[in-house]
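This is what each chain is made of:
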Amino acid sequence: AGGNDDADILDGGGNYDAPEIVDNSHAAYAEQGTWEDGPISGGFNGSYRRIASGSGTNTATWTFDNLEALEYEVYVTWVADAAHAGDATYAVYDDQTLLGTVAVDQSAAAVGQLVEDRPWQSLGIFSAPSDTLRVELTDAAQPGKHVAADAVMIRQTENQPFDVQITNFYTD
């Protein structure tokens, strides 16, 4: 279970002990609406997409499938620009079930660890019992601004359930 092995720029393998990343140029990324290439150089893997703020019907979606039913921390990165919204909202789903929404300020740089020379901001820790985590960004944001879609990273958390098998049992 490598999870999107054909689409990940970094593949953590079956145990997801390293980051899994889906970029805006990969097969596991999809758009609804009229997104355009970002005008500023940069972005993860050298590019990003953007759209003018709107009603929320236009979406960018990153999908991670074939996951183990565990907890994952979800991170996002974007190119900071004063023209980008201060309230870009990401929704995280376990397949079709909404787990939570998080708004970020895309006019400023992501705050967090560097991976592949990009800053990544955590959206939180989410469970994936269905084997699919989906992250969706809509165009519902500050009027007159843009929303930027770049890359999403998941990382298996340290606090995982585990199975215990008793192989030998002795009594006195």
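This text follows the structure it describes.
The present account deals with the structure reproduced in this document. All values derive from a computational prediction rather than experimental measurement. Per chain, residues are indexed from 1 in the order of the written sequence. Per-residue local features of the predicted model are confined to residues with pLDDT of at least 70, and side-chain atom pairs are confined, for both listing and counting, to 80 or more; whole-chain, interface and lining totals are unaffected and use all residues. For the side-chain quantities, the full set of heavy atoms in the structure was used; hydrogens and water were omitted.

1. Concerning the overall build of the protein
A run of H or I in DSSP counts as a helix once it spans at least four residues, and a run of E counts as a strand once it spans at least two, with each numbered from the N terminus. Each helix and strand counted, the protein has zero helices and 14 strands in total. When the helices and strands of the protein are listed from N to C terminus, the series reads β-β-β-β-β-β-β-β-β-β-β-β-β-β. Remark: exposure states derive from per-residue accessible area (1.4 Å probe, protein chains only) relative to the maximum for the residue type, with buried under 20%, exposed over 50%, and partly exposed in between. Residues classed as buried in the protein amount to 47% of the 172 residues present. In what follows, a contact means two residues having at least one pair of non-hydrogen atoms within 4.5 Å. Nonlocal contacts in the protein, meaning residues at least 24 apart in sequence, comprise 72% of its contacts between residues at least 6 apart. When the accessible surface of the protein is totalled, it reaches about 8,500 Å², and 46% of it is carbon and sulfur. Computed with the Shrake-Rupley method and a 1.4 Å probe, the accessible areas treat only the protein chains shown as cover for residues.

2. Quick word on the pattern of salt bridges
Each reported salt bridge corresponds to a side-chain nitrogen of Lys or Arg within 4 Å of a carboxyl oxygen of Asp or Glu. Evaluation of the coordinates by the stated rule reveals four salt bridges. Of the charged contacts, one joins Arg49 and Asp37 as a salt bridge, the two residues approaching to 2.8 Å between their closest N and O atoms. Within this pair, whereas Arg49 is found in strand β4 (residues 49-52), its partner Asp37 is found in strand β3 (residues 36-37), the two being separated by 12 residues in sequence. Taking the relative accessible area as the measure of exposure, Arg49 reaches 17% and is therefore buried.

3. Thoughts on the environment of Asn24
One can find Asn24 in the loop between β1 (20-23) and β2 (29-32). Classification of Asn24 by relative accessible area gives buried; the value is 9%. Taking the C-alpha atoms as reference points, Asn24 and Asn45, separated by 21 residues in sequence, lie 8.7 Å from one another. Among the polar contacts listed, one links the side chain of Asn24 to the side chain of Ser47, at a separation of 3.3 Å. Pairs of N or O atoms within 3.5 Å make up the polar contacts considered here, provided that, within protein, one atom can donate a hydrogen while the other can accept it, and that residues adjacent in sequence are counted only when both atoms are side-chain atoms.

4. What to know about the sheet that holds β2
In space, the five strands of this open sheet follow the order β2-β5-β12-β7-β8, with antiparallel pairing throughout. Looking at the sheet topology across the chains shown, the edges are occupied by β2 and β8 (97-104). Pairwise comparison of adjacent strand axes, ignoring direction, gives a mean angle of 20 degrees for this sheet. Strand pairing is assigned whenever DSSP identifies at least 2 bridges connecting the two strands. Across four bridges, the pairing between β2 and strand β5 (residues 59-64) is antiparallel. Looking at the pairing, Ala30 lines up with Thr61 of β5. All axes here are fitted lines through C-alpha atoms, helices being fitted over the stretch that makes contact, and every angle between N-to-C directions spans 0 to 180 degrees.

Shape is all these values report; function is a separate question.
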